[in-house]
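Residue strings, one per chain:
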Amino acid sequence: MVIALFRHGLTEENKRKAYLGWNDSPLCPESKRIGTRKRYDHYFSSDLQRCKTTVKLLFPNNDLTVLQELREMNFGEWEGKTYDDLKEDKLYQKWLSDPLFSSPPGGESFQTFTKRVDTGWKFISQHIISGNHNSGAIVTHGGVIRYLLSKFAPEQRDFWSWQTSHNQGYELRFDCEGLRRGERCISLLEVPLMANENG
Ligand SMILES: Cc1cc2ncn([C@H]3O[C@H](COP(=O)(O)O)[C@@H](O)[C@H]3O)c2cc1C
């Protein structure tokens, strides 16, 4: 069984390097030209528009389940702000030095974020297993992908060491029992996206 992870296309706020969690931002024109020939049995997307637009671009006309649990971490008062905007803020400095154990004001802690993503993952894995599907693809956010790779990639690496590009996804291959038991996957494959000739 394969579960693929794709990050949404580049947005205007990503370009500005602003914190973008539960706020949204339109995809840049260049990210609308991305495509893939890969196809999966079922598709899942974060409910934020940048992911819903991307899933339609990559996998048009397919069965889609939209899940709020697949959202990026909520950055609260820091949404839309950049490092330069925040660098003098004491709470921000504390979060940067210890992001797993402090949280943005009005936002989510890392623990709340990961618990929510775990709920989404459980739903997705049960959906794939009970539907006898061989594969599923998830279109979500950078932080969600990093967390899922730190938890399910064959090789144990921490959250920060994973790269999440807008131009490349990952396929995680599980055996059915391993997926059911929440174990790490058997193999991990990088899946480059390509420029869509129709774009
Ligand atoms: C713990 C944590 C620390 C982060 N630091 C930056 N981002 C990242 O989160 C967002 C990536 O989301 P998108 O894929 O929608 O562009 C970026 O705004 C970037 O700030 C983080 C995310 C998490 C979970």
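The preceding data block contains the structure.
As the structure is a computational prediction, the values presented were derived from the model and not from experiment. (Residues numbered from 1 in each chain as written. Predicted model: local features only at pLDDT ≥ 70, side-chain atom pairs only at ≥ 80, totals over all residues. Heavy atoms only, no water.)

J.: What should I look at first to understand the overall build of the protein chain in this one?
T.: The number of helices and strands found in the protein chain is seven helices and eight strands. For 199 residues, the compact-globule formula gives about 16 Å, and the C-alpha radius of gyration of the protein chain, at 17 Å, lands near that figure. For the protein chain, the spread of C-alpha atoms along the three principal axes comes to 50 × 40 × 25 Å. Sequence separation of at least 24 residues holds for 67% of the intrachain contacts in the protein chain that already meet a minimum separation of 6. Taking the average location of the 27 positive side-chain charges in the protein chain and that of its 26 negative ones, the two points are 2 Å from each other. (Helix = DSSP H or I, 4+ residues; strand = E, 2+ residues; numbered from the N terminus. Rg over C-alpha atoms; globule rule 2.2 N^0.38 Å. Contact = heavy atoms within 4.5 Å. Lys, Arg positive; Asp, Glu negative; His and termini not counted. Charge placed at Lys NZ, Arg CZ, Asp CG, Glu CD.)

J.: I tried to follow the pattern of salt bridges on my own but got confused; where do I start?
T.: Where side chains of opposite charge bring their charged atoms close, a pairing between them can arise. One pass over the full model with this rule turns up twelve salt bridges. A salt bridge links Asp-47 to Arg-71, with the shortest nitrogen-to-oxygen separation between them at 2.8 Å. Placement of Asp-47 in the loop between β3 (43-46) and α2 (49-58) and of Arg-71 in the loop between β4 (64-67) and α3 (83-86) is noted, with a sequence separation of 24 residues between them. In this structure Arg-71 comes out as buried when scored by relative accessible area, which is 15%. Across the pair Glu-155 and Arg-157 runs a salt bridge whose closest N-O atoms are separated by 3.9 Å. Given the relative accessible area of 45%, Glu-155 is considered partly exposed. Because the salt bridges share partners, they merge into one network encompassing Glu-177, Arg-180, Arg-181 and Glu-183. (Salt bridge = Lys/Arg side-chain N within 4 Å of Asp/Glu carboxyl O. Buried < 20%, exposed > 50% of the residue type's maximum accessible area, 1.4 Å probe, protein only.)

J.: I tried to follow the sheet that holds β4 on my own but got confused; where do I start?
T.: Two pairing modes exist for strands in a sheet, parallel and antiparallel, and in both the strands are linked by backbone hydrogen bonds. As summarised here, the arrangement of the six strands in space is β4-β3-β5-β1-β6-β7, forming an open sheet in which the pairing is mixed. The open sheet has two free edges, formed respectively by β4 and β7 (187-192), since each of these has just one partner strand. Taken over all neighbouring pairs, the strand axes of this sheet differ in orientation by 20° on average, direction set aside. For β3 and β4, the ladder comprises four bridges, and the chain directions are parallel. Across the sheet, the residue bridging to Ser-45 is Val-66, located in β4. On top of the sheet, helix α5 (residues 110-130) reaches β1 (2-7), β3, β4 and β5 (135-140); it is set at about 160° to β4, its chief contact. (Pairing = 2+ DSSP bridges. Axes fitted to C-alpha atoms, helices over the stretch in contact; angles between N-to-C directions.)

J.: Sorry if this is basic, but what is going on with the site of the ligand here?
T.: Of all residues adjacent to the ligand, which total 18 residues, the nearest are Arg-7, His-8, Asn-14, His-141 and Gly-142. Separating an oxygen atom of the ligand from a side-chain N or O atom of Asn-14 is a distance of 2.7 Å. Arg-50 places a side-chain nitrogen or oxygen 2.9 Å from an oxygen atom of the ligand. Looking at the shell around the ligand residue by residue, the class counts come to ten nonpolar, five polar and three charged. (Near = heavy atom within 4 Å. Polar contact = N/O pair within 3.5 Å; in protein donor to acceptor, adjacent residues only side chain to side chain. Nonpolar A, V, L, I, M, F, W, Y, C, P; charged D, E, K, R; others polar.)

J.: Teacher, can you tell me more about the packing of α5 against helix α6 (residues 142-152) here?
T.: Angle between the axes and distance between the axes are the two parameters that describe a pair of packed helices. Following both chains from N to C, one finds α5 and α6 inclined at 75°, their axes separated by 11 Å at the closest point. The angle between α5 and α6 places the two elements in the roughly perpendicular class. Along the contact surface, α5 presents Phe-113, Thr-114, Val-117, Asp-118 and Trp-121, while α6 presents Gly-143, Val-144, Tyr-147, Leu-148, Lys-151 and Phe-152. Taken together, the residues that form the contact of α5 with α6 break down as seven nonpolar, two polar and two charged. (Parallel < 35°, antiparallel > 145°, perpendicular 65-115°, else oblique.)

J.: Honestly, the side chain of Thr-36 in this entry has me stumped. Any pointers?
T.: Along the chain, Thr-36 falls in the loop between β2 (34-35) and β3. Of the polar contacts made by the side chain of Thr-36, one reaches the backbone nitrogen of Lys-38; its length is 3.0 Å. Apart from residues no more than four positions distant in its own chain, Thr-36 is found in contact with Leu-58, Phe-59, Leu-193 and Met-194.

J.: Which parts of the structure should I look at to understand α5?
T.: If you check α5, its first and last C-alpha atoms are 30 Å apart, about what 21 residues at 1.5 Å a residue would give, namely 30 Å. The complete set of buried residues in α5 reads Phe-110, Phe-113, Thr-114, Arg-116, Val-117, Gly-120, Trp-121, Ile-124, Ser-125, Ile-128 and Ile-129. In this structure, the buried residues of α5 make contact with β1, β3, β4, β5, α6 and α7 (176-181). Following α5 by one or two positions, Asn-132 adopts a phi angle in the positive range, close to 55°. (Expected span 1.5 Å × (residues − 1).)

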